[in-house]
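# Commentary on secondary and tertiary structure
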Amino acid sequence: MYKVRTLWWKLRGGTGIAYALKLSHKNLIYRTGSSCESVGKKWIKPTGYDTGLKTYNSLTKQKEPLILAQEGIATWYSCGPTVYDHAHLGHACSYVRFDILQRILSKVFGVTVIHAMVITDIDDKIIRRGLEENISPTVLARMYEEKFKNDMLALKVLPPAVYLRVTENVPQIVTFIQRIIRNGHAYATKQGDVYFDIRSIGERYGKLVGTGDVVCEPGDTDKRDARDFALWKSSKPQEPYWESPWGQGRPGWHIECSTIASSVFGSQLDIHSGGIDLAFPHHENEIAQSEAHHQCSQWGNYFLHSGHLHLKGSAEKMSKSLKNYITIKDFMQTYSANEFRMFCLLTRYRSAIDYSEANMVEARSSLASLSTFSHDAQAYMRGQLLCQPVQEEALWQSLSETKASVLAALADDFDTPRAVNAIMNLIHHGNRNLQPVTKCDGSSRRPAVFGAILSYVRDFFQLLGVDLVDLHSRTTENEAADGSGTLENVVEQLARFRSDVRAFALAPQDAPTGSPASSRPKPRPDREPLLRACDTLRQDLTPLGVLIKDRGTNSTWEISQKRPSEQETDK
């Protein structure tokens, strides 16, 4: 005779719902449409609110409509860092990519994302590192947790609704394990360890990667099956421990996420995310123990995984254990958060991505193109840039088509490369209409369409976390930190004075009496030194990050993202 709870889980696990569950003393009467085992690893399409987009679900290995349990609300859990060292670019890539997805879901599709993230602050690596440095594991974890949060802020990653530490949830973890044992899916050993019993769930194990390539977790010979994994580990000398019904010990790795996600969201989760390296064994085991605890057939509806970050020329992922990583702090000495985010936007979040100088230059070049268009469009709108007649209707049409293309791309598994490409095509179309001329033919100007394009482009990148208004912030942030904030005003006054001097120097001399009317006016020879001085000033300001562009008798300026040392390197 099955235990009541175990049998009820199996009844609910079928494609049919139990028609009746009736307890009368020792008798259990039930009818079902099908048994739990018949469902196996089959994904059950959720019912609820259709967001209008499709996303690749690792549970089905294909794109599925994103359907949420509650209208306009997405419950989202992600695995946070194990805080024993500095975060590196591999971590940054995953967190930035999912930050982009959450921004799209929230700001484009109007879904409120409730995001919870765990901080693993007790782990073998933390304990080992603490012993090496003769420091408390708790102090070590807090130190690197703070560094991680600062790195995320520097990368403009929006914080989750809540961070939860493992050490502050140990009582809940113990209770969670106890229920899995009561449900018949875990067992304690005489050494005080607790293992999940994989055989107890039959063919249901392996929803993400199957069971053909399962690598067994090392453990005691008391394990019933070599595949069984630890829910609770008995303490060893010099290790932190907590009291439990099985003796002193600490949680296993996988159980922390199941417990903490359930403590926030209950027995049903819309979205679970993490790097592809976490799919097995971590997420696979999360699914098994969560469904065993809640006695449900499907705990998480969608599993989203980001691709690995590789160093160019290496087939291996960036990893602390492989010692082939670049810390976020070191990276930020050379590149900006905007540049790294653009680097991530140019590839699909599920794809592996190569980190190389060439790819970072591509990201920087894309931002430079956006910055140049922004400055030229504003110059045209201010009347500082003389152009050929603008093809206004074509530009309005291009803007409308771009909006539709971007929305379709984002609804197709958050396809940011396709969306960015559509934006860049719009910019190219705009630039073709902003070619400067030295003399205006008197046709009417059309600044409004450029204002609309510029506003749309800015808003698009702003919602993705790239601030086009602040692309020059790396040059000016030191000024702002000092409280002066005067650099832009100084450059504006300097450029205006230079433009006045240059316009005076370019003013043609009066034509001699009796000269043909068709003869072209010539500049005054005595004012040529002024022109040379203006050119020298422009050239001298370039390595300092101030770029002045002469447009006939008018001039525009911008502050480059590159630092002085980088300008010299490019020479």
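The text that follows walks through the structure, step by step, so that each part is easy to find.

Rules used in this analysis
Residues numbered from 1 in each chain as written. Predicted model: local features only at pLDDT ≥ 70, side-chain atom pairs only at ≥ 80, totals over all residues. Heavy atoms only, no water. Core = buried A, V, L, I, M, F, W, Y, C linked by side-chain atoms within 4.5 Å. Buried < 20%, exposed > 50% of the residue type's maximum accessible area, 1.4 Å probe, protein only. Contact = heavy atoms within 4.5 Å. Helix = DSSP H or I, 4+ residues; strand = E, 2+ residues; numbered from the N terminus. Axes fitted to C-alpha atoms, helices over the stretch in contact; angles between N-to-C directions. Parallel < 35°, antiparallel > 145°, perpendicular 65-115°, else oblique. Left-handed = near helix turned anticlockwise from the far one by under 90°. Nonpolar A, V, L, I, M, F, W, Y, C, P; charged D, E, K, R; others polar. Pairing = 2+ DSSP bridges. 1 Å grid on protein atoms, 1.4 Å probe; cavity = no way out; pocket = protein on both sides within 12 Å on 5 of 7 lines; lining within 4 Å. Points joined across faces, edges and corners; volume = space filled by probe spheres on them.

A word on the nonpolar core. Counting 123 residues, the largest nonpolar core has Tyr 77, Phe 340, Val 457 and Phe 461 as its most contacted members. Leave out the neighbours within four places in its chain, and Phe 340 touches Leu 89, Ala 92, Cys 93, Val 96, Leu 155, Phe 331 and Met 360. Within the second largest apolar cluster, seven residues are counted, among which are Val 491, Ala 495, Val 546 and Trp 557.

The next subject is unusual backbone geometry. The amide bond that connects Phe 280 to the next residue, Pro 281, takes the cis arrangement and shows omega of 5°. Structurally, Pro 281 can be placed in helix α8 (residues 279–294). Not every positive phi belongs to a glycine, and Lys 61 is a case in point at roughly 60°. By relative accessible area, which is 44% here, Lys 61 ends up partly exposed. Even without being glycine, Lys 156 reaches a positive phi, approximately 65°. Tracing the chain through its elements places Lys 156 in the loop between α5 (137–154) and β7 (162–165).

The next subject is the packing of helix α11 (residues 357–381) against helix α14 (residues 447–463). Where α11 contacts α14, the axes come no closer than 9 Å and their chain directions differ by 150°. By the angle between their axes, α11 is roughly antiparallel relative to α14. Of the two elements, α11 crosses α14, and the hand of that crossing is left-handed. On the side of α11, the interface is formed by Leu 370, Phe 373, Ser 374, Ala 377, Gln 378, Tyr 380 and Met 381, while α14 contributes Pro 447, Phe 450, Gly 451, Ile 453, Leu 454, Val 457, Arg 458 and Phe 461. Counted by class, the contact of α11 with α14 contains eleven nonpolar, three polar and one charged residues.

Now for the sheet that holds strand β9 (residues 194–196). In spatial order, the strands read β8-β9-β10-β11; together these four strands make up an open sheet with antiparallel pairing. For this open sheet the edge positions go to β8 (186–188) and β11 (249–251), each flanked by a neighbour on one side alone. The sheet shows a mean angle of 20° between the axes of neighbouring strands, taken without regard to direction. Summarising the sheet, strand β10 (residues 230–234) and β11 pair through three bridges and their orientation is antiparallel. When the bridges of β11 are listed, Ser 234 appears paired with Gly 249.

With that out of the way, let us pick up the layout of surface pockets. Roughly 560 Å³ of volume is contained in the second largest pocket. Lining the second largest pocket are 25 residues, and of these His 375, Gln 378, Arg 382, Glu 492 and Trp 557 lie nearest its centre. Contributing elements (two or more residues each) for the lining of the second largest pocket: α11, α16 (487–506) and β17 (554–559). No other element matches α16, which puts seven residues into the lining of the second largest pocket. Tallied by class, residues from the lining of the second largest pocket come to seven nonpolar, eleven polar and seven charged.

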